[in-house]
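Structural description and commentary
The lines below spell out each chain.
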Amino acid sequence: GAVVSQHPSWVICKSGTSVKIECRSLDFQATTMFWYRQFPKQSLMLMATSNEGSKATYEQGVEKDKFLINHASLTLSTLTVTSAHPEDSSFYICSARDFLANQQSYEQYFGPGTRLTVT
Amino acid sequence: AQSVTQLGSHVSVSEGALVLLRCNYSSSVPPYLFWYVQYPNQGLQLLLKYTTGATLVKGINGFEAEFKKSETSFHLTKPSAHMSDAAEYFCAACESSASKIIFGSGTRLSIRP
């Protein structure tokens, strides 16, 4: 199956700094990628939908100026957490959507996640 | 708006016993339905999915789920639990393959020796 990678797999940063997380589709092109956040022992909450070459669509309650999303190519989307604070510590998971021509439908593949700890 | 409800945040069964994890959805249209498993500090692994056709869906690791439109349910079952099944399980849904996926709150499955 298709593979989605994330880098880094974990990161520790100091409060006030910015952190960039990369999401790559390794063997397919993804015009759409999704970013989720998962707090400990909770479910995945969709943060935003990232479309290649256009602005991301953010879910209600997600600060677009704090969570900057860039989808500059068909295989890479980045999430930058700006001026990170301890409450931003979470597990961030991306997914990438592939169009399966033989099925005429989309399939979504998830990355392994990035653990962010802000001290 | 579409939503997914998982009954029971924690389920504990004995090794070899039946596993039943419950999931109900609300949707204005027949949804696509998924079950994912997540091991600690890892991403999601797709267990199975329902799109159209046969309502009983077989997945990996011996799991299966049945789509019941009349009950708006998509419960996950496995006849005999293994210790390796201990993990967090998420039910999810989307209105079409192009739609965003909405997740349930998750159910932690524990297996007693």
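Our subject is the structure that appears above.
The numbers attached to residues start from 1 for each chain and follow its sequence in the written order. Each chain gets a letter, beginning with A, and each ligand a number, beginning with 1, in the order they are written. Restriction of local features to residues with pLDDT of at least 70 applies here, the model being predicted, together with a cutoff of 80 or more for giving and counting side-chain atom pairs; totals for whole chains, interfaces and linings are based on all residues. With hydrogens and water excluded, all non-hydrogen atoms of the structure serve as input to the side-chain values.

A look at the interface of chain B and chain A
Contacts between the two partners involve 17 residues from chain B and, on the opposite side, 19 residues from chain A. Carbon and sulfur atoms make up 51% of the area that chain B and chain A hide from each other, which totals about 1400 Å². A simple way to read buried area is as the amount of 1.4 Å-probe accessible surface that goes missing from two parts once joined, with both sides added. By the criterion of area lost to chain A, the three top residues of chain B are Ser97(B), Lys100(B) and Phe103(B), representing 31% of everything that side buries. The term salt bridge refers to a pairing of a side-chain nitrogen on Lys or Arg with a carboxyl oxygen on Asp or Glu at a separation within 4 Å. Here chain B and chain A share two salt bridges between them. Two N or O atoms form a polar contact when they lie within 3.5 Å of each other; inside protein one atom must be a possible hydrogen donor and the other a possible acceptor, and for residues adjacent in sequence the pair counts only when both atoms belong to side chains. In this structure, the connection of chain B to chain A is made through six residue pairs in polar contact (both at pLDDT 80 or more). Counting from the N terminus, the helices are DSSP H or I runs at least four residues long and the strands are E runs at least two residues long. The leading source of residues in the side of chain B that touches chain A is strand 5 (residues 44-50) of chain B, at three residues. Partitioned by chemical class, the residues of the side of chain B that touches chain A number seven nonpolar, eight polar and two charged. Should any heavy atoms of two residues lie within 4.5 Å, those residues are counted as being in contact. Residue polarity is assigned by list, with Asp, Glu, Lys and Arg as charged and Ala, Val, Leu, Ile, Met, Phe, Trp, Tyr, Cys and Pro as nonpolar; anything else, Gly included, falls into the polar class.

Some words on the pattern of salt bridges
Residues and elements named next belong to chain B. The full count for this structure, using the stated rule, is six salt bridges over all chains. Glu 64 is paired through a salt bridge with Lys 58; the nearest N and O atoms lie 2.8 Å apart. For every residue, the accessible area obtained with a 1.4 Å probe (protein chains only) is divided by the maximum for its type, and the residue is called buried under 20%, exposed over 50%, and partly exposed between those limits. Take Glu 64: its relative accessible area is 22%, and that puts it in the partly exposed class. Judged by relative accessible area, which is 63%, Lys 58 ranks as exposed.

A word on the state of the cysteines
Here, a disulfide means two cysteine sulfur atoms that sit within 2.5 Å of each other. One pass over the full model with this rule turns up two disulfides over all chains. Each sulfur in the disulfide pair Cys23(A) and Cys94(A) lies 2.0 Å from the other. Linking Cys23(A) and Cys94(A), the disulfide has an S-S dihedral of approximately 80° and is accordingly described as right-handed. In this pair, Cys23(A) sits in strand 3 (residues 19-25) while Cys94(A) sits in strand 9 (residues 90-100), placing the two residues 71 residues apart along the sequence. Judged by its relative accessible area of 0%, Cys23(A) falls in the buried class. Accessibility expressed as a relative area gives 0% for Cys94(A), which makes it buried. Each sulfur in the disulfide pair Cys23(B) and Cys91(B) lies 1.9 Å from the other. Here the S-S torsion is close to -65°, and the disulfide linking Cys23(B) with Cys91(B) is therefore left-handed. Of this pair, Cys23(B) sits in strand 3 (residues 19-26) while Cys91(B) sits in strand 9 (residues 87-94); the two residues are 68 residues apart in sequence, bridging distant segments of the chain. The same class applies to Cys23(B) and to Cys91(B), which are both buried.

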